[in-house]
Amino acid sequence: MIWLGDFNRHHPLWDEDRNTQLFTNQYLDAAQPLLDLIADYGMIMTLPKGLPTLQSTSSKNWTRPDNVF
């Protein structure tokens, strides 16, 4: 099974460590159902941690809302 797409979720497991503004309780809580499903199905993240997939048009900051499991 392969899951890939724009999950629009941020978490320290895949976003760059410098993007601490994305690791608020609100963002972490929003990512939890995805993390639970990944664990339930034994999925493995195939993109390396910190590999950005989106650059913000306003701040030019790179983030990782997209992922492959």
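The model shown is predicted, which means the values in this text are computed figures rather than measured ones.

Undergrad: In this structure, what is going on with the side chain of H10? I would like to understand it.
TA: Relative to the helices and strands, H10 resides in the loop between β1 (4-6) and α1 (25-40). Among residues more than four places away in sequence, those in contact with H10 are D15, L22, Y27, L28, A31, T63, R64 and P65.

Undergrad: What is the right way to read the pattern of salt bridges from this model?
TA: Where charged atoms from two side chains of opposite charge approach closely, those side chains can pair. A full pass over the atoms with the stated rule returns 2 salt bridges. Among the ionic pairs, E16 bridges to R18, the shortest N-O distance being 3.0 Å. Across the pair K49 and D17 runs a salt bridge whose closest N-O atoms are separated by 2.9 Å. On the criterion of sequence distance, the pair formed by K49 in the loop between α1 and β2 (54-55) and D17 in the loop between β1 and α1 is long-range, its members being 32 residues apart. Judged by relative accessible area, which is 54%, D17 ranks as exposed.

Undergrad: What exactly am I supposed to notice about the nonpolar core here?
TA: For soluble globular proteins, the rule of thumb is that nonpolar side chains tend to be buried together. Of all hydrophobic cores here, the largest spans 7 residues; its members are W3, W14, L34, L35, I38, M43 and F69. In this view, M43 contacts M1, I2, W3, I38 and F69; residues no more than four positions away in its chain are not counted.

Undergrad: What's the story with a nonpolar patch on the surface in this structure? I'm lost.
TA: A contiguous nonpolar surface patch, about 350 Å² in accessible area, is contributed by M1, L37 and Y41. Structurally, the position occupied by L37 is in helix α1.

Undergrad: Help me out: how do you make sense of the packing of aromatic side chains in this one?
TA: Aromatic ring pairs are defined here through the distance separating the ring centres and the angle between the ring planes. Enumeration according to the criterion identifies 3 aromatic pairs in this entry. An angle of 65° between the planes, with centres 5.7 Å apart, marks the rings of F7 and F69 as edge-to-face. You can see F7 sitting in the loop between β1 and α1 and its partner F69 sitting in the segment after β4 (66-68), a full 62 residues away along the chain. Exposure remark for F7: the relative accessible area of 25% places this residue in the partly exposed category. Taken together, the aromatic side chains of F7, W14 and F69 make up a single cluster linked through ring pairs.

Undergrad: How do you make sense of unusual backbone geometry when you look at a structure like this?
TA: The backbone phi angle of N8 is positive, close to 50°, even though this residue is not glycine. When you line up the elements, N8 lands in the loop between β1 and α1. Here K60, not a glycine, exhibits a phi torsion of approximately 70°, which is positive. Its place among the elements puts K60 in the loop between β2 and β3 (62-63).

Rules used throughout
- Residues numbered from 1 in each chain as written.
- Predicted model: local features only at pLDDT ≥ 70, side-chain atom pairs only at ≥ 80, totals over all residues.
- Heavy atoms only, no water.
- Helix = DSSP H or I, 4+ residues; strand = E, 2+ residues; numbered from the N terminus.
- Contact = heavy atoms within 4.5 Å.
- Salt bridge = Lys/Arg side-chain N within 4 Å of Asp/Glu carboxyl O.
- Buried < 20%, exposed > 50% of the residue type's maximum accessible area, 1.4 Å probe, protein only.
- Core = buried A, V, L, I, M, F, W, Y, C linked by side-chain atoms within 4.5 Å.
- Patch = residues over 30% accessible without salt bridge, like charges linked within 9 Å, V, L, I, M, F, W, Y side chains within 5 Å.
- Areas by Shrake-Rupley, 256 points an atom, 1.4 Å probe, with all protein chains shown as cover.
- Phe/Tyr/Trp six-rings, centres within 6.5 Å; stacked < 30°, edge-to-face > 60°.

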